[in-house]
Amino acid sequence: MSELFKNFRIHFVFIIVTLFILSYGSYYYGTTDNTTVFEVTNDDPDFLEAQKNPVVSDVAVTFDYKPVTPFAIQSLDTFTLPANPGPANNGGSAGWAIFFNLIAGTSDVAVTQMSSANSGVAFTSFSVEVYTRSGTALGGPVGSGPGSSTAGWTLLGTAPAVQGSTSSGISELFTIPTIQVPAYDTVGVAVKFIGVGPRYFGTGSPPLEIYSDSNLTLITGDVRSAPFTPTGSFFSSRALTGVIRYVMGSSGPTICDKYSSQWCPMNTLPSLPTAAYFTAASW
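So, here's what we can say about the structure. (Residues numbered from 1 in each chain as written. Predicted model: local features only at pLDDT ≥ 70, side-chain atom pairs only at ≥ 80, totals over all residues. Heavy atoms only, no water.)

Right, let's talk about the overall build of the chain for a bit. Helices and strands together make up the secondary structure of the chain, namely two helices and 15 strands. Looking at the chain residue by residue over its 283 residues, the buried ones come to 51%. Accessible surface computed for the chain: about 13,400 Å², of which carbon and sulfur atoms make up 60%. (Helix = DSSP H or I, 4+ residues; strand = E, 2+ residues; numbered from the N terminus. Buried < 20%, exposed > 50% of the residue type's maximum accessible area, 1.4 Å probe, protein only. Areas by Shrake-Rupley, 256 points an atom, 1.4 Å probe, with all protein chains shown as cover.)

This paragraph deals with the packing of aromatic side chains. Ring pairs (aromatic) are described by centroid distance and by the angle formed between their planes. A full pass over the atoms with the stated rule returns eight aromatic pairs. On the basis of an interplanar angle of 80 degrees and a centroid distance of 6.5 Å, the ring pair of Phe126 and Phe174 is categorised as edge-to-face. Highlighted residues: Phe126 in strand S7 (residues 125–134) and Phe174 in strand S9 (residues 174–181), separated in sequence by 48 residues. Considered together, Phe126 and Phe174 belong to a single accessibility category, that of buried residues. Three or more aromatic residues link up through ring pairs in this structure, and these residues are Phe99, Tyr131, Trp153 and Phe228. Its guanidinium or amino end placed over the ring of Trp153, Arg133 lies 5.5 Å from that ring's centre, counting from NZ or CZ. (Phe/Tyr/Trp six-rings, centres within 6.5 Å; stacked < 30°, edge-to-face > 60°. Lys NZ or Arg CZ within 6 Å of the ring centre and 35° of its normal.)

Right, let's talk about unusual backbone geometry for a bit. Across the junction of Gly86 and Pro87, the peptide omega takes the value 5 degrees, indicating a cis bond. Here Pro87 is to be found in the loop between strand S3 (72–82) and strand S4 (90–91). Residues Thr220 and Gly221 are joined by a peptide bond in cis, for which omega reads -15 degrees. Phi at Phe123 is positive, roughly 70 degrees, even though this residue is not glycine. Here Phe123 is to be found in the loop between strand S6 (108–116) and S7. Here Tyr184, not a glycine, exhibits a phi torsion of approximately 65 degrees, which is positive.

Turning our attention to the nonpolar core. In this structure, Leu102, Val111, Ile179, Leu218 and Ile244 are the most contacted members of the largest nonpolar core, which totals 37 residues. In this structure Val111 touches Leu102, Ile176, Pro177, Thr178, Ile179, Leu216, Ile244, Arg245 and Tyr246, once residues within four positions along its chain are discounted. One finds Phe99, Ala137, Trp153 and Ile210 within the second-largest nonpolar core, a separate group that totals 11 residues. (Core = buried A, V, L, I, M, F, W, Y, C linked by side-chain atoms within 4.5 Å. Contact = heavy atoms within 4.5 Å.)

The subject of this paragraph is the environment of Ile98. The residue Ile98 is located in strand S5 (residues 97–104) in this model. Given a relative accessible area of 5%, Ile98 falls into the buried group. Sequence separation between Ile98 and Val189 is 91 residues; the distance between their C-alpha atoms is 8.2 Å. If sequence neighbours within four positions are ignored, Ile98 has contacts with Ser116, Val189, Ala190, Val191, Phe193, Pro198, Tyr200, Asp222, Val223 and Leu240.

It is worth spelling out the pairing of S7 at this point. Every regular strand shows the same layout, with side chains that alternate between the two sheet faces. Of all 10 residues in S7, eight are buried, a share of seventy percent or more. One ladder, built from eight bridges, connects S7 with strand S8 (residues 154–162); its direction is antiparallel. In the sheet register, Val128 faces S8, and the bridge partner there is Ala159. Here eight bridges tie S7 to strand S10 (residues 186–194), and the two strands are oriented antiparallel to one another. Pairing of Arg133 across the sheet is with Gly188, part of S10. (Pairing = 2+ DSSP bridges.)

In this structure the tally under the stated criterion is two salt bridges. A salt bridge links Arg199 to Asp44, with the shortest nitrogen-to-oxygen separation between them at 2.7 Å. Of the two residues, Arg199 is situated in strand S11 (residues 199–201) and Asp44 in the loop between strand S2 (35–40) and helix H2 (45–50); the sequence distance between them amounts to 155 residues. Both residues of the pair, Arg199 and Asp44, belong to the buried class. For the salt bridge of Arg238 with Asp46, the shortest nitrogen-to-oxygen distance reads 2.7 Å. Taken together, the residues span a long stretch of sequence, with Arg238 in strand S14 (residues 234–240) and Asp46 in helix H2 at a distance of 192 residues. Both residues of the pair, Arg238 and Asp46, belong to the buried class. (Salt bridge = Lys/Arg side-chain N within 4 Å of Asp/Glu carboxyl O.)

So, in structure tokens, the structure goes:
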């Protein structure tokens with residue numbers, strides 16, 4: 001009787017595992033740089049191409065954390081700037097980074113949240129590292145351009161995120177270390193994915209995509225498999241698939257001065273209707 005019950009349990013577990021795979025697809029579960037990953041098996045063109053260009057493991061990449069005094073809050077209104085609406089048609093692996101530019105209009109802008117397509121399983125947790133630099137983040141090829149070294153880059157911090165309800169889809173909105181974009185200025189941004197890979201829109205070598213409203217312009221973007229090194233693979237253009245959320249700011253004393261870092265608790269601010277956006281063709 002006990003042997004029969006044991007066999008029943010084995011078959012039951014097998015059935016459950018089979019149903020899980022049939023429901024959600026194939027997955028890879030393992031570690032990369034001591035980080036657990038749980039993502040959909042990747043057959044995206046960029047990922048497959050990058051296998052031809054192995055990363056040189058002895059290239060040292062180090063950053064100093066540099067706290068930044070936040071802007072004062074000019075408006076409690078939160079604006080949403082949609083990037084490429086997707087669905088994403090390409091992607092990479094954990095440790096890859098996407099690069100894009102943010103350009104402010106006549107007023108300072110503080111970017112506080114975003115979402116992005118990624119290779120994670122539905123509702124899985126992951127994280128991103130957010131880097132910024134003064135001036136453009138864009139340009140290659142792999143051995144040159146702003147993303148090929150750490151020069152000029154500042155690590156703002158690491159932000160937790162959660163995948164949305166669709167595997168390999170767009171994440172839920174997540175709060176990031178505040179990216180401050182002064183009026184009329186360009187700030188380059190790099191978002192490195194930990195635990196999952198980025199997904200995005202673009203194959204081949206299409207022109208950069210531009211999305212804009214009256215306050216902020218997004219130019220997107222590049223992707224590197226070994227960010228801040230001259231190794232790995234470089235792809236452009238690859239457009240952010242997700243959204244950017246921001247508030248208006250101004251120079252001077254800030255309500256966030258009492259906090260010990262550049263983080264500002266803006267994730268509870270009320271949302272406004274989605275901002276208009278334009279494609280590169282209509283810009």
